[in-house]
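Analysis of the macromolecular model
Residue-level listing of the chains:
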Amino acid sequence: MKRLLAILLAALVLVAVAGIAGYLMIAREVSRERVEASLSARLGGAVQLSGTPAVSFAQGPALMLGEVRWQGRDGRWMLTAERMSAGIDPAGLFLGEVRLSSFQLQGARLHLAGVPAEGALAGLGRDLSQLMGVPVSVAGDAISWGASEAPRLGAFTLRLSPSSEGGSLRGSVVAGDQTVEFSTTLGDRGILTGTASGPVAVSVVSPLASFRMTGAVRNPEAARVEGSFDFNTSDLRGLAVRFGKTLVGEASFGALRITGDGALDFSRLVLDTARLELDGNVGEGRLGFELGSQRPRLEGTLAFEQFDLSAYLGELGSLAGVPDDTPQGDSLRDRPLSVLLQAADIDLRLSANRFIAGPLSGGPSAIALLLRDGDLSLDLSETAVSGGKLEATARLKPAGDDMFDLAANAIAEKLDVRGLPSPDVVTLPQAGSLTFRLGRTGKGPTLAAILEGAGGEMQFALENATYPAGGEALARLASSAGEAGATATSLVLDRLTGRGGMEGHEMRLSDVEALAGKHLVRLAGRLSLADFSLSLRGRLLPRPAATPAGSPAPEEPAEPQGADQGIPVLVRGTLARPSLLPDMTGVRAP
């Protein structure tokens, strides 16, 4: 028993002597200058201390440091911490060395000089490569960047852990109302310095969105990661708001997912086999994203089996100048084009076997969108719609002094009106074929200003249109002309043609001719584009003998009958409810 007590006592004495010796050894090395030099060499950059280091054995040997200032190489980043604990390797003490083995920083604030250029990224990679070789954990309350040190992100944590030749970085940060968790795992830390190849895995996850990448660096000199990529958000509009951007209008822009295999380097991501899902629309093809020297660039080609535009019709109609009583909020129409069209360069080509736009559908269709240096071109190829064909082009071209020129054209041929949506401003026939050509030009700083003063021309032809008994425009004309049975049976309009010149909120109509039954109506006048009211004057004439009732209308109109022939008439009201009235101008009572 006495022998056991002696052994225990000797062990205690040995531990005490070792502890005192270790303490004395550490105390000899804890001058502020020596600790600063040791930390700078171990962690990289420059470490400065405000106070005197203290020794603690509470949780193993460690140095307790206060008010730490840690600056990266070339001032690329700065981290300040209220306190720091630097763990000491106990094994080193037995060899007479003080080895700092792990580091914990509390109450930290991180400031980044800004978005680094490619050369600076290489330096940042060297910093991170050195840090990944040491267990480091950081807990802080603010991250800032750029010229201002005002916090832009909230509480954050970082944990760097070495693993053989590689390492990992894990952590989280509070960004607005989102807590973002992130992790990076490298098979070799030399990947960060361009001296080694190996596997790479990156994950950034928040309640609103996520990004995951799994791949490898195969050629260190190329500094490119090849692998699979997956970006997903349940609310694209909400995500844009959190990045300080507003998606205009009331279009959906909800769920978005982009996946594919490709390559990522310092400034460019290219997905050679991309799959895009936006609000239930699925397209496949190729996509490329590039930061660019002046502005971001998006390019790609995507093919959709079906694309549903219904969720975007309100904003698309607003862009085309269609009046809408429903407020659209911050509309693209009101954004300065000099700012809007300089935000990015885009070269995007989309195709769909079938498209849906509310009650309208058609296809196949293809659209090309090209935006370069503020010059926007949009080209809708010939598309099958409602039994006919539709194609359109538009261009917004810089004209100097923040002004832009608009040139837009649309051509529709033989559209079956039964497949067209019925707007409130006009009464469509129950059957018929519609052909039109529309061109618009304008100039202004915003799309709203351009459309406000835009001019243009329109030609239209409606053939074999059937209106219900007692119906609108032409049924009224027929009944007013005294045609027997006009109010009891449907009216077939053989042909309605005309042309118009647009300027601002008004269209001047000319050469309007309607052939129905035994009558020909010739009209000219004005159509208000603000309330679609009509102010036309013309004559109701017998149908020319060259075009008897029931025969097809000629390609060219017959020679006009004398201006003093027929019954003078007026057309008033609106496109939805026109009225035919006798023109009593100049008529006096006997």
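What counts and how
- Residues numbered from 1 in each chain as written.
- Predicted model: local features only at pLDDT ≥ 70, side-chain atom pairs only at ≥ 80, totals over all residues.
- Heavy atoms only, no water.
- Helix = DSSP H or I, 4+ residues; strand = E, 2+ residues; numbered from the N terminus.
- Buried < 20%, exposed > 50% of the residue type's maximum accessible area, 1.4 Å probe, protein only.
- Contact = heavy atoms within 4.5 Å.
- Areas by Shrake-Rupley, 256 points an atom, 1.4 Å probe, with all protein chains shown as cover.
- Pairing = 2+ DSSP bridges.
- Polar contact = N/O pair within 3.5 Å; in protein donor to acceptor, adjacent residues only side chain to side chain.
- Salt bridge = Lys/Arg side-chain N within 4 Å of Asp/Glu carboxyl O.
- Phe/Tyr/Trp six-rings, centres within 6.5 Å; stacked < 30°, edge-to-face > 60°.
- Core = buried A, V, L, I, M, F, W, Y, C linked by side-chain atoms within 4.5 Å.
- pLDDT = per-residue confidence, 0-100.

**What about the overall build of the chain?**
Helices and strands together make up the secondary structure of the chain, namely nine helices and 30 strands. Every one of the 590 residues in the chain was classed for burial, and the buried ones make up 38%. Relative to all contacts within the chain whose residues are 6 or more apart in sequence, the contacts with residues 24 or more apart total 48%. Here the chain has roughly 31,400 Å² of accessible surface; of this, 57% comes from carbon and sulfur atoms.

**Things to note about unusual backbone geometry**
The residue after Gly-363, namely Pro-364, is reached through a cis peptide bond having omega 0°. Backbone geometry places Asp-279, a non-glycine residue, at a positive phi of 50°. Here Asp-279 shows up in the loop between strand 14 (268-278) and strand 15 (281-290). One non-glycine residue with positive phi stands out, namely Asp-511, at about 55°. Taking relative accessible area as the criterion, Asp-511 reaches 53% and is therefore assigned exposed.

**A few points about the pairing of strand 3 (residues 62-71)**
The pairing of strand 1 (residues 46-49) with strand 3 spans four bridges and is classified as antiparallel. Looking at strand 3, one finds that Gln-48 is bridged to Arg-69. Judged from the three bridges that link them, strand 2 (residues 54-56) and strand 3 form a sheet pairing that is antiparallel. Counted as the bridge partner of Val-55 is Leu-63 from strand 3. Once strand 3 ends, the chain turns through five residues before running back antiparallel as strand 4 (residues 77-88), passing Asp-74 with a positive phi of about 60°.

**So, the side chain of His-111**
As for its position among the elements, His-111 is in strand 5 (residues 100-112). Among the polar contacts made by the side chain of His-111, one reaches the side chain of Ser-144 at a distance of 2.7 Å. At 3.1 Å, the side chain of His-111 forms a polar contact with the backbone oxygen of Gly-146. Leave out the neighbours within four places in its chain, and His-111 touches Trp-77, Met-78, Ser-144, Trp-145, Gly-146, Ser-148 and Glu-149.

**A short note on the pattern of salt bridges**
Applying the stated rule across the entire model yields 25 salt bridges. Note that Glu-277 and Arg-275 form a salt bridge whose closest N and O atoms lie 3.1 Å from each other. Residue classification places Arg-275 among the partly exposed residues on the basis of a relative accessible area of 31%. Where salt bridges share partners, they join Arg-268, Glu-290, Arg-297 and Glu-299 into one cluster.

**Topic: the side chain of Ser-386**
Counting through the fold element by element, Ser-386 comes out in the loop between strand 20 (375-385) and strand 21 (388-400). Residue class for Ser-386 comes out buried when judged on its relative accessible area of 15%. One polar contact links the side chain of Ser-386 to the main-chain carbonyl oxygen of Asp-416, over a distance of 2.4 Å.

**Some remarks on the packing of aromatic side chains**
Under the definition given, this model contains two aromatic pairs. Geometrically, the ring pair formed by Trp-70 and Trp-77 is edge-to-face, given 5.2 Å between the ring centres and 75° between the ring planes. For Trp-77, a relative accessible area of 10% corresponds to the buried category. Judged by centre distance (4.8 Å) and plane angle (80°), the ring pair of Phe-304 and Phe-307 falls under edge-to-face. For the pair formed by Phe-304 and Phe-307, the shared burial category is buried.

**Observations concerning the nonpolar core**
Core analysis: the biggest nonpolar cluster contains 55 residues, and Leu-39, Leu-79 and Phe-103 have the highest contact counts within it. It is strand 4 that contributes the most residues to this core, six residues altogether.

**Re the environment of Gln-342**
The topology assignment puts Gln-342 in the loop between helix 7 (337-340) and strand 17 (345-357). For the pair Gln-342 and Gly-374, spaced 32 residues apart in the sequence, the C-alpha separation amounts to 5.1 Å. When neighbours within four sequence positions are excluded, Gln-342 is seen to be in contact with Arg-295, Leu-337, Asp-373 and Gly-374. Of note is the side chain of Gln-342, whose polar atom sits 2.8 Å from the side chain of Arg-295.

**A word on the confidence of the model for the chain**
When pLDDT is low, close inspection of the predicted coordinates is not appropriate. In the predicted model, the chain carries a mean pLDDT of 80, and the fraction of residues at 70 or more is 78%. A low-confidence stretch, residues 480-488 (pLDDT under 50), is modelled with 14 contacts involving residues beyond four sequence positions or located in other chains. This model gives residues 556-560 a pLDDT under 50, and the stretch forms four contacts once residues within four places in sequence are excluded.

**Quick notes on the pairing of strand 27 (residues 519-528)**
Most of strand 27 sits out of view: eight of its ten residues are buried. Bridge count for strand 26 (residues 506-516) against strand 27 is nine bridges, and the pairing is antiparallel. Residue pairing for strand 27: Leu-509 is matched across the bridge by Gly-525. Linkage of strand 26 to strand 27, two consecutive antiparallel strands, is achieved through a turn of two residues, within which Gly-517 is found at a positive phi near 60°. Strand direction decides the pairing type here: strand 27 and strand 28 (residues 534-542), joined by nine bridges, are antiparallel. By the bridge assignment for strand 28, Leu-523 is matched with Gly-538.

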